[in-house]
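# Inside the fold
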Amino acid sequence: MDAMEDTVQHSGTTWPEWDRADTADYVAEPCSVHARADGRLYQRQIEGSPVDEPQSSVDAMEVHWKSMGYKITNIFDNRGSNTTGIEIHAVTPRGMLVIFMPTKTVSFIKVVGECTLDPVAAKKTT
């Protein structure tokens with residue numbers, strides 16, 4: 001939730017469906033730690049408003065994420081002639097994957113948490 005909120009705040013656009021205070025109804029999906037589907041992980045993707053300058057937005061996010069200790073793993077900046085956006089991936093110091101994709105038509109943020117064996121992750125949040 002904190003990684004999502006931070007990315008929202010530094011994205012340069014609006015996210016109408018994002019509400020940081022809404023933590024109800026999250027259920028961690030299965031993932032693999034030692035064997036197939038023995039762990040659980042949380043992930044969330046939200047859709048936001050367009051960005052006029054996707055490259056500038058990604059450049060600013062890269063600088064911000066590096067200042068937070070995130071490791072930039074990929075920047076996809078050649079998505080074909082008909083695509084108006086780019087995508088940046090990073091891993092937080094806690095091991096979460098964060099993806100930011102600003103485009104001229106719509107933007108996305110996706111956060112994928114670490115896979116854990118903690119049984120609490122299998123419970124639905126309230």
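Here, every reference points to the structure presented above.
Residues numbered from 1 in each chain as written. Predicted model: local features only at pLDDT ≥ 70, side-chain atom pairs only at ≥ 80, totals over all residues. Heavy atoms only, no water.

## Quick notes on the layout of surface pockets
- Each pocket or cavity is described by its volume, and for the largest pocket that value is around 460 Å³.
- Sorting the residues of the lining of the largest pocket by element identifies α1 (2-9), β2 (39-41) and β3 (43-48) as the ones contributing at least two each.
- Per-element accounting of the lining of the largest pocket gives the leading share, 3 residues, to α1.
- Partitioning the lining of the largest pocket into residue classes produces 9 nonpolar, 5 polar and 5 charged. (1 Å grid on protein atoms, 1.4 Å probe; cavity = no way out; pocket = protein on both sides within 12 Å on 5 of 7 lines; lining within 4 Å. Points joined across faces, edges and corners; volume = space filled by probe spheres on them. Helix = DSSP H or I, 4+ residues; strand = E, 2+ residues; numbered from the N terminus. Nonpolar A, V, L, I, M, F, W, Y, C, P; charged D, E, K, R; others polar.)

## Digging into α1
- Buried residues of α1: Ala 3, Met 4, Asp 6, Thr 7 and Val 8, and no others.
- Those residues of α1 that are buried are in contact with β3, α2 (54-67), β6 (97-101) and β7 (107-112). (Buried < 20%, exposed > 50% of the residue type's maximum accessible area, 1.4 Å probe, protein only. Contact = heavy atoms within 4.5 Å.)

## What to know about the state of the cysteines
- Within this structure, the stated rule accounts for 1 disulfide.
- Residue pairing for Cys 31: its cysteine sulfur links by disulfide to Cys 115, the two sulfurs lying 1.9 Å apart. Linking Cys 31 and Cys 115, the disulfide has an S-S dihedral of approximately 100 degrees and is accordingly described as right-handed. Of this pair, Cys 31 sits in strand β1 (residues 29-31) while Cys 115 sits in the segment after β7, and the two are 84 residues apart along the sequence.
- A residue is classified by how much of its surface remains accessible, and Cys 31, at 12% relative accessible area, is buried. (Disulfide = S-S within 2.5 Å.)

## Re the sheet that holds β6
- Spatially, the 5 strands line up as an open sheet ordered β3-β7-β6-β5-β4, and their pairing is antiparallel. The strands lining the two open edges of the sheet, one partner per strand, are β3 and β4 (71-76). Across the sheet, the mean angle separating the axes of adjacent strands is 10 degrees when strand polarity is ignored.
- Two strands pair when backbone bridges link them, and β4 and strand β5 (residues 87-91) are joined in this way by 5 bridges, in the antiparallel orientation. Paired with Ile 72 across the two strands is Ala 90, which belongs to β5.
- Of the strands in this sheet, β3, β6 and β7 are in contact with α1, which crosses β7 at around 155 degrees. (Pairing = 2+ DSSP bridges. Axes fitted to C-alpha atoms, helices over the stretch in contact; angles between N-to-C directions.)

The values reported here are purely geometric and, on their own, carry no functional implication.
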